[in-house]
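# Inside the fold
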Amino acid sequence: KMDIVGCDTAQALIASPTKVKVEHTEGINTTLQDNSPKPLKGARLMFAQQGVDTAVDVTTSKRKGFFEIYTADKQGKVYGNKTMLPMPPNSDSTNVGNAILSSDENTLIYTQCNSDLLLNRFTCKLYRSKKNGSMWGTPEELKDLNYAKGTTTQPAWGVAEDGSDLLYFVSDRGGKDNLDIWYAKLNSDGTFGSPTSAGDVINTGGDEVSPY
């Protein structure tokens, strides 16, 4: 049924296209994967990409093709000054990405993900690292938010009705096999409240991803 709807939608979009113009982002894209872009102050961008420029057979190669977090500056229509964040938060033993910064840019929340070659999927957990001067501290797993039997990923900041900070994220918890959007309140002491589902108005029997 969903495939039929997709075909119908494609025909409707071709007949009445939107006025959105999609342009290739010059200066930072690579041969392999580039993902999870987050805009920063001052026309900057934070994103993740694989640290190699050629395909890697992860079952035999000694080369590490893990995702790493980068930043870049926009100069006109082109991005330059691409810079990889240090280790930590980057790692030479696992994939990192989906990074977001606090408003003062001194706290980084991001994911560490392991890949399952058989299922062709990533299983991720949320981590937090705090900046001290120019260095990032030891990553802290956000155990109160992570789901031991599945994945927790794609963090995004939000604001509650009372003005307090919320952390939205995606997870397959709750006894379902699909991905749903969840959120947790950031307490004044830096801890997080219990994860709460965004509810059935947003979440469906399919996958919900990429909150922002």
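The coordinates are above.
Residues numbered from 1 in each chain as written. Predicted model: local features only at pLDDT ≥ 70, side-chain atom pairs only at ≥ 80, totals over all residues. Heavy atoms only, no water.

### Regarding the pattern of salt bridges
- Taken as a whole and judged by the stated rule, the model has five salt bridges.
- A salt bridge links Lys21 to Glu23, with the shortest nitrogen-to-oxygen separation between them at 3.6 Å.
- In this structure Lys21 comes out as exposed when scored by relative accessible area, which is 68%.
- For Glu23, a relative accessible area of 46% gives the class partly exposed.
- Salt-bridge contacts for Arg128 lead to Glu140; the nearest nitrogen and oxygen are separated by 3.2 Å. On the criterion of sequence distance, the pair formed by Arg128 in strand β7 (residues 121–132) and Glu140 in strand β9 (residues 140–141) is long-range, its members being 12 residues apart. (Salt bridge = Lys/Arg side-chain N within 4 Å of Asp/Glu carboxyl O. Buried < 20%, exposed > 50% of the residue type's maximum accessible area, 1.4 Å probe, protein only. Helix = DSSP H or I, 4+ residues; strand = E, 2+ residues; numbered from the N terminus.)

### Description of the sheet that holds strand β4 (residues 78–84)
- As summarised here, the arrangement of the four strands in space is β1-β2-β3-β4, forming an open sheet in which the pairing is antiparallel. Strands with a single pairing partner mark the edges of an open sheet, and in this sheet they are β1 (34–40) and β4. Each adjacent strand pair in this sheet contributes to an overall mean axis angle of 30°, direction not counted.
- Two strands pair when backbone bridges link them, and β1 and strand β2 (residues 44–50) are joined in this way by five bridges, in the antiparallel orientation. When the bridges of β2 are listed, Pro39 appears paired with Leu45. (Pairing = 2+ DSSP bridges. Axes fitted to C-alpha atoms, helices over the stretch in contact; angles between N-to-C directions.)

### Observations concerning the state of the cysteines
- Considering all chains together, one arrives at one disulfide under this definition.
- The side chain of Cys113 participates in a disulfide bridge whose partner is Cys124; the two sulfur atoms lie 2.1 Å from each other. Its S-S torsion of approximately 110° makes the covalent link between Cys113 and Cys124 right-handed. Of this pair, Cys113 sits in strand β6 (residues 107–116) while Cys124 sits in strand β7, and the two are 11 residues apart along the sequence. Each member of the pair, Cys113 as well as Cys124, carries the same accessibility label: buried. (Disulfide = S-S within 2.5 Å.)

### A short note on unusual backbone geometry
- Following Met87, the chain continues into Pro88 via a peptide bond in cis, with omega recorded as -10°.
- Note that Pro88 resides in the loop between β4 and β5 (95–101).
- Across the junction of Pro88 and Pro89, the peptide omega takes the value 10°, indicating a cis bond.
- Along the chain, the position of Pro89 falls in the loop between β4 and β5.
- Even without being a glycine, Ser210 presents a positive backbone phi close to 60°.
- Note on placement: Ser210 falls in the segment after β13 (196–197).
- A relative accessible area of 46% means that Ser210 is categorised as partly exposed.

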